[in-house]
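One letter stands for each residue in the lines below.
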Amino acid sequence: MIHAVVAAAALAALSLPIGGTAHRKTEEGNRRYDEKAYEDALRVYTEAQVAAPEAPELHYDIGNVLYRQQNWEGAAEEYSRALLSAPPILSPSVSYNLGNALYRMEKYDEAVKAYRRTLEVVPGDRDAKRNLELSLRAAEQKKKKPKEQQKENQKKEKREEKQEQKPSSGNDRQKDEKQKAPEPKPRQGEKQQQAGREPKPAGGMSPEEARSLLDSLGEQEKAALRKQAERRARQEESGPEEDW
């Protein structure tokens, strides 16, 4: 667990190379900070900056307030400004708190640099050493995550491909058959209709066959009539028959 922000507001106030309004406001802000009235402390520190806008101590104090409000980005910005001109007595605390803010932002590589900066000045700072180890470990884990995520994505894609290659269930097959039912083969009569012919009636004789039959019957009737005419002609030649 990352150790808390170094509460060096009193130290910052003592190191201020300014007096008058800025000094008084800073002391008032420190009291508000100790009371955990962070909104009031921020307001008073900001008022002190009007008289001393470049004072690193005020950037440091404001950074501490923002850190307590969990505004990690704002705190890191204020600590970075403080480091630009922080005196040796204040610099290790500023870099330490900067490391904490960067760690909270998951900027572990930058946090490592901040903690090392503290240890360059105060090699025996146990909290800085502990936080440095945590940052190094977190940075390593963060580098591994993209590779692990990539492997997980590849496994997921393979699982999806296997699922797509599996045969569909019976219900799926029935659904496909309903959507794309095969067309039935036409029966013999339907084939004749498709060819432009009339189908055979239930009796088994087509209209064409019936007409042929009628035509043949007509020829027989004609022959019968001819035979009758010949018979009558012969009777006329021999005279009428007598009924004895």
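Residues numbered from 1 in each chain as written. Predicted model: local features only at pLDDT ≥ 70, side-chain atom pairs only at ≥ 80, totals over all residues. Heavy atoms only, no water.

Taken residue by residue, the protein chain gives an average pLDDT of 74. The fraction at 70 or more is 53%. Across residues 8-15, where pLDDT falls below 50, the model places 17 contacts with residues more than four positions away in sequence or in other chains. Overall, residues 167-205 carries pLDDT values under 50, and its contacts beyond four positions in sequence, including any with other chains, amount to 15 contacts. (pLDDT = per-residue confidence, 0-100. Contact = heavy atoms within 4.5 Å.)

Take the nonpolar core next. Grouped together as the largest cluster of nonpolar side chains are 34 residues, with contacts concentrated most on Y45, V65, Y79, V94 and L98. Elements with a contribution of two residues or more to this core: α2 (21-34), α3 (38-51), α4 (56-68), α5 (72-83), α6 (91-104), α7 (108-121) and α8 (126-165). It is α4 that contributes the most residues to this core, 6 residues altogether. The contacts of Y79, once residues within four sequence positions are left out, are V5, Y60, G63, N64, Y67, V94, N97, L98 and A101. (Core = buried A, V, L, I, M, F, W, Y, C linked by side-chain atoms within 4.5 Å. Buried < 20%, exposed > 50% of the residue type's maximum accessible area, 1.4 Å probe, protein only. Helix = DSSP H or I, 4+ residues; strand = E, 2+ residues; numbered from the N terminus.)

Helix length check: α4 (13 residues) gives 19 Å between terminal C-alpha atoms against 18 Å at 1.5 Å per residue, within 8%. For α4, the buried fraction is high: 12 of the 13 residues fall into the buried class. The complete set of buried residues in α4 reads P56, E57, L58, H59, Y60, D61, I62, G63, N64, V65, L66 and Y67. Taken from the residues just after α4, Q70 is the one with a positive phi, measuring 65°. (Expected span 1.5 Å × (residues − 1).)

A separate point is the packing of α4 against α6. The interhelical angle for the contact between α4 and α6, taken along N-to-C directions, is 30°, at an axis separation of 11 Å. With respect to α6, the axis of α4 lies roughly parallel. Crossing hand, α4 versus α6: left-handed. Where α4 abuts α6, its residues Y60, N64 and Y67 lie against S93, V94, N97, N100, A101 and R104. A breakdown of the residues in the contact of α4 with α6 according to their chemical character gives 4 nonpolar, 4 polar and 1 charged. (Axes fitted to C-alpha atoms, helices over the stretch in contact; angles between N-to-C directions. Parallel < 35°, antiparallel > 145°, perpendicular 65-115°, else oblique. Left-handed = near helix turned anticlockwise from the far one by under 90°. Nonpolar A, V, L, I, M, F, W, Y, C, P; charged D, E, K, R; others polar.)

Further remarks concern the packing of aromatic side chains. What describes a pair of aromatic rings is the distance from one ring centre to the other and the angle between the planes of the rings. Taken as a whole and judged by the stated rule, the model has 5 aromatic pairs. Pairing Y67 with W72 gives two aromatic rings, centres 5.0 Å apart and planes at 65°, and the pair type is edge-to-face. Classification of Y67 as buried rests on a relative accessible area of 6%. Taking 5.2 Å as the distance between ring centres and 65° as the angle between the ring planes, the aromatic pair formed by Y103 and Y108 counts as edge-to-face. For Y103, a relative accessible area of 22% corresponds to the partly exposed category. Overall, Y108 belongs to the buried group, its relative accessible area being 13%. (Phe/Tyr/Trp six-rings, centres within 6.5 Å; stacked < 30°, edge-to-face > 60°.)

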